[in-house]
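Structure at a glance
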Amino acid sequence: MARMGLVQAFGILLIVFLAESLDVPFPPARPVAHNLANICSRGQGRPRYAEGFFPRSGAGTLKRRAKAINRLESWYVGCCGLPEDNWEAAALCCARQAWKEALGQFCMEEFGTMTAHYECCRKDGQERWTCFDSELPNPNYEATPGYSAPAMPAEPGFVFDVGAC
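Residues numbered from 1 in each chain as written. Predicted model: local features only at pLDDT ≥ 70, side-chain atom pairs only at ≥ 80, totals over all residues. Heavy atoms only, no water.

Let's shift gears to the environment of P150. Mapped onto the elements, P150 comes out in the segment after α5 (125-132). In the structure, P150 is positioned 105 residues away from G45 in sequence and 9.7 Å away in space, judged by C-alpha atoms. (Helix = DSSP H or I, 4+ residues; strand = E, 2+ residues; numbered from the N terminus.)

Now for the nonpolar core. Membership of the largest hydrophobic core comes to 35 residues, with the highest contact counts inside it found for F26, F54, Y76, W99, F106 and F132. The set of elements that each furnish at least two residues to this core consists of α2 (33-41), α3 (60-80), α4 (87-111) and α5. Among the elements that make up this core, the one with the highest residue count is α4 (10 residues). Discounting residues that sit within four places of it in the chain, F54 has contacts with L22, V24, Y49, A59, L62, K63 and A66. (Core = buried A, V, L, I, M, F, W, Y, C linked by side-chain atoms within 4.5 Å. Buried < 20%, exposed > 50% of the residue type's maximum accessible area, 1.4 Å probe, protein only. Contact = heavy atoms within 4.5 Å.)

Further remarks concern the confidence of the model for the protein chain. Across the protein chain, pLDDT averages 87, with 87% of residues at or above 70. Taken together, the stretch residues 1-20 has pLDDT below 50 and engages in 4 contacts with residues farther than four places along the chain or on a different chain. (pLDDT = per-residue confidence, 0-100.)

On to the packing of α2 against α4, then. Remark: α2 packs on α4, axes separated minimally by 10 Å, with the N-to-C direction vectors making an angle of 85°. Relative to α4, α2 is oriented roughly perpendicular. Of the residues in α4, those touching α2 at A33, L36 and C40 are W87, E88, A91, L92 and A95. Of the residues assigned to the contact of α2 with α4, the class counts are 7 nonpolar, no polar and 1 charged. (Axes fitted to C-alpha atoms, helices over the stretch in contact; angles between N-to-C directions. Parallel < 35°, antiparallel > 145°, perpendicular 65-115°, else oblique. Nonpolar A, V, L, I, M, F, W, Y, C, P; charged D, E, K, R; others polar.)

The description of an aromatic ring pair rests on the distance of the ring centres and on the angle between the ring planes. All chains considered together, the criterion is met by 11 aromatic pairs. Ring centres of W75 and F158 lie 5.2 Å apart, and the angle between their planes is 25°; on these two criteria the pair is classed as stacked. Placement of W75 in helix α3 and of F158 in the segment after α5 is noted, with a sequence separation of 83 residues between them. Classification of W75 by relative accessible area gives buried; the value is 5%. Residue F158 is classed as buried on the basis of its relative accessible area of 19%. (Phe/Tyr/Trp six-rings, centres within 6.5 Å; stacked < 30°, edge-to-face > 60°.)

See the structure below:
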């Protein structure tokens, strides 16, 4: 019995250590006019999370956050590469759609687990998006000094709906 308590305590300490040492800046900021240029020009300077970044077990919440970030950054590439005709308005609309879709998928993945769900995922509609756009670690999408993102595969699943702009 005492041994089981020790194992559980060690597991909790390991989770706390992982959460503090493996940082995933989350949530990403909502795309707006003042951060769009950085979204498009500084993407290679923001963190990506390759398959082997996290330990095989544990860190599930961090892995889901990292997957959402990877997905979103991949989709931003497509938004930033839109044709130049009215580029800023189209790219911003596309980036906003990608942001909502990536975070919506993140919430679906959160609800597929038995762990506590991310606070914003428990909200609906505009309240969810306002929640995700608060307490931001990188509201202006600044690059991390000295960092260059590894090559990552394109993430499927997003189609820009120009008619929704």
